[in-house]
Amino acid sequence: MTARRIAVVSGGLGQPSGSRLLADRLAGATRDHLLERGVDAAVDVVELRELARDLADHLVTGFPSPALAAALRTVADADGLIAVSPVFSASYSGLFKTFFDVLDRDALTDLPTLVAATGGSARHSLVTEHALRPLLTYLKAVVVPTAVFAATDDFGADDADVALGSRIERAARQLAELVSAGSRTVPDDPFDAPVDFERLLGRLG
Amino acid sequence: MQFGVFTVGDVTTDPTTGRTPTEAERIKAMVTIAQKAEEVGLDVFATGEHHNPPFVPSSPTTMLGYVAARTERLILSTSTTLITTNDPVKIAEDFAMLQHLADGRVDLMMGRGNTGPVYPWFGKDITKGIELAVENYDLLRRLWREDVVDWKGRFRTPLRGFTSTPRPLDGVPPFVWHGSIRSPEIAEQAAYYGDGFFANHIFWPREHFRRLIELYRTRFEHYGHGSADQAVVGLGGQVFLHRNSQEAVRRFRPYFDNAPVYGHGPSLEDFTEMTPLTVGSPAEAIDKTMGFREYFGDYQRQLFLVDHAGLPLKTVLEQLDLLGEEVVPTLRKEFDALRPAHVPEAPTHRSLVAAARAAGEARAAIEVPVAEPDAVVAR
C-alpha cells in the first residue's frame, strides 16, 4: 500500500471549533477515498490557535519559532492539504492568512489542496471562491473544484447535513484522486544542489 | 581570531528616557565607539551602510577615514557595503583610497541590503539583486587587480581603458567578506573567489546559518582554496553585559522590548534561547560565544552588536569595557588554544602582502634559471 501525508490547517479559535469539526470530516473522508485507491494516508493537523503568538512573532522577527517551523514543514512536505478557515469580516481570518503569509514562497507549488470555510450563516458561503481559492491559487497550489462551506446550521438540521455530507464526499474524492496520483515534484533544495558559480557568472552573458 | 563590533548606525529614541540623539550626536558616538573599541583591545570596527532614516551611515569610507586618523591598530570594515546599488567603480576607488589613508587597516563586507526602495532610489531593479551582486563584484575585483580594464556588462556603462585610482596599497586589494542571511548564491560566490563569508546570525536561529556556512565551507574546498575547515568565516553576535546577570536582563529589557528590529515580538527569554543574543554576565557571553565555535567550527572573526535600540553612548562604552576586559581576552585565549595549526587566521593587509610576495617569489623561482639563485634571494 502506498503511503501519503495529508496536512490539515485549521484556523478555528474555539475548542473545539467549527473549522476543526469540518476539517476532521474532510480529512476522514479523504482518508477513506484514498484507502479505496490503495493509499494509506497519515493526517497531520496544524491548529493555528496554538501558534497564534508564534505567528505574530514571526511577522516581527522574520523567523519561525521551533514549533511554527515544524508546522510550516508539515505543510510544505505534505502530499495533500486541507485548509479550513472561519469567516471573519467577510474573509478568512487574519490568523489563517498569517500562516500562509509566512510560508516559503514555493512551499505549496503543485500541492493538491482542498479549501473549506465555516461561518455563522450560509450568506458567507462564497468566501471559499472569492477569498480562499485565489489565495491558494496564488501560492501555486492545485485547488480541487469543490470547496466546502459549512454554516452553523449545517451541523444540526438533518437535510442540511445531507447536503453538507455530499459536498464533503465530492471534495474529498477530488482531493484523493490528485493525492493518489502523486504528481507533485518538490523543487531542489539550493543548499543540497548549489548552482555552480560559473553558471551564475555565465548567466550574465 | 579577530574580535570587534559592528554598528547599524540607527538613530533610535532611548525608551527609558524618551530622548532621541541628533544625527550629529549619533555620528560622533559611532566614532567614539570605534576609538573605544581599539582602546579596550578589540580588533575590528565595522559600520553599516544605509540610505534612509533612521540610519545615519550613508557614507562609510568618510566615517572610516576619520576613524583611521584617530586610531592606530583597529581594522576598519563595513557591515555591509551595498554591492548591488553602489557603482563598483566607486567602491574600488573609495576603498583603495581608505587603504592608503589607513595604512592597510581596511577590509569590507559585501551585502545586498535589506531595504527594498534603495534599489529604485539608485536606479536598480530589486528582482536582479543576485545578478547585480555577481556582476558588480566581478568587476570590482578586476578594477583592483588589473591596471587597465576593458569591460562590458549588463548593469553599468562599459569601460574602455579605465584605471581605477588610487591603485590598491602595495598592489594588494583589501580582503573581502560576503555577508548573507539567506542566499546560498552568496555563500557560493564567497567560496568561488576564496573570500570570507560572514553570517550575521544575530536575529535568526542558528540552524539556518549552519546550512549556509556548511555550504560555503564545502564549496570553498570544491573550488580549491583549501580544506573546508580553512575557509574564512565570520559571525555576528549581540551582547548586553553586566557582572550581575539579573541586572543585565533588568537593564536591557526596555531596549529589547522596543528594539526596532525585533521589539514587540518574542520575549527576551525566548529570543535569547533561539538566537545568539546574550543578556547576562561576561561568563555567559563567553559560554555562548564558545558555543558558536562548537556549532559552526573554528572561525576567524566575531563581531558584536552593542550600540543599537537607543542605548545611550555611556552605556555602550561600559559594554565595551566589559567586552574588552572580561570577555574577549578569555575568548581569544580559548579560541587560539583550540584552533588546529592548519586553520588560518583571517587575512590582514600584512598577511596578504606577505602572501603576494611569497607567490611572486615562487613564480620567480620557476622562471629564473637554476644557475642564478642569487636573483631569487635578492627579491
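See the structure above.
A brief report on the enclosed structure follows. Everything numeric in this text was worked out from a predicted model, so none of it was measured.

Rules of the game
Residues numbered from 1 in each chain as written. Chains lettered and ligands numbered in written order. Predicted model: local features only at pLDDT ≥ 70, side-chain atom pairs only at ≥ 80, totals over all residues. Heavy atoms only, no water. Phe/Tyr/Trp six-rings, centres within 6.5 Å; stacked < 30°, edge-to-face > 60°. Buried < 20%, exposed > 50% of the residue type's maximum accessible area, 1.4 Å probe, protein only. Contact = heavy atoms within 4.5 Å. Buried area = accessible area lost by both parts, 1.4 Å probe. Salt bridge = Lys/Arg side-chain N within 4 Å of Asp/Glu carboxyl O. Polar contact = N/O pair within 3.5 Å; in protein donor to acceptor, adjacent residues only side chain to side chain. Helix = DSSP H or I, 4+ residues; strand = E, 2+ residues; numbered from the N terminus.

Regarding the packing of aromatic side chains
- In this structure the tally under the stated criterion is 20 aromatic pairs over all chains.
- Judged by centre distance (5.4 Å) and plane angle (90°), the ring pair of F175 of chain B and W177 of chain B falls under edge-to-face. Take F175 of chain B and W177 of chain B: they sit in the same class, and that class is buried.
- Grouping aromatic residues by their ring pairs yields a cluster made of F197 of chain A together with Y137, Y192, Y193 and Y223 of chain B.

With respect to the interface of chain B and chain A
- Listed as interface residues are 31 residues of chain B and, on the opposing side, 22 residues of chain A.
- Interface of chain B and chain A: buried area, both sides summed, is about 2,100 Å²; carbon and sulfur atoms make up 70% of it.
- If you sort the residues of chain B by the area they bury against chain A, V134, Y192 and R211 of chain B come out on top, with a joint share of 24%.
- The tally of links from chain B across to chain A stands at one salt bridge.
- The partner of D196 of chain A in a salt bridge is R219 of chain B, with the nearest N and O atoms 3.3 Å apart.
- Applying the counting criterion to the chain B and chain A interface returns five residue pairs in polar contact (both at pLDDT 80 or more).
- Sorting the residues of the side of chain B that touches chain A by element identifies α5 (129–145), α6 (184–193), α7 (206–222) and α9 (268–274) of chain B as the ones contributing at least two each.

A closer look at unusual backbone geometry
- In this chain, Q15 of chain A is followed by P16 of chain A through a cis amide linkage whose omega measures -5°.
- In this structure, the amide linkage connecting S79 of chain B to the following residue, T80 of chain B, adopts the cis form with an omega of 15°.
- In this structure, T80 of chain B sits in the loop between β3 (75–78) and β4 (81–82).
- In this structure, D103 of chain B is a non-glycine residue whose phi angle is positive, near 55°.
- Residue class for D103 of chain B comes out exposed when judged on its relative accessible area of 61%.
- In the Ramachandran plot, A309 of chain B falls in the positive-phi region, its phi being about 60° despite a non-glycine side chain.
- Within the secondary structure layout, A309 of chain B lies in the loop between β12 (301–305) and α11 (313–338).

Notes on the pattern of salt bridges
- For the structure on display, the rule yields 33 salt bridges over all chains.
- A salt bridge links D24 of chain A to R20 of chain A; its shortest N-O distance comes to 2.9 Å. One end of the pair is D24 of chain A and the other is R20 of chain A, both in helix α1 (residues 18–36) and four residues apart, which spans about a single turn.
- Judged by relative accessible area, D24 of chain A falls into the partly exposed class, the value being 37%.
- We note a salt bridge from K36 of chain B to D321 of chain B, for which the minimum N-O separation is 3.0 Å. Taken as a pair, K36 of chain B in helix α1 (residues 23–39) and D321 of chain B in helix α11 lie far apart in primary sequence, 285 residues in all.

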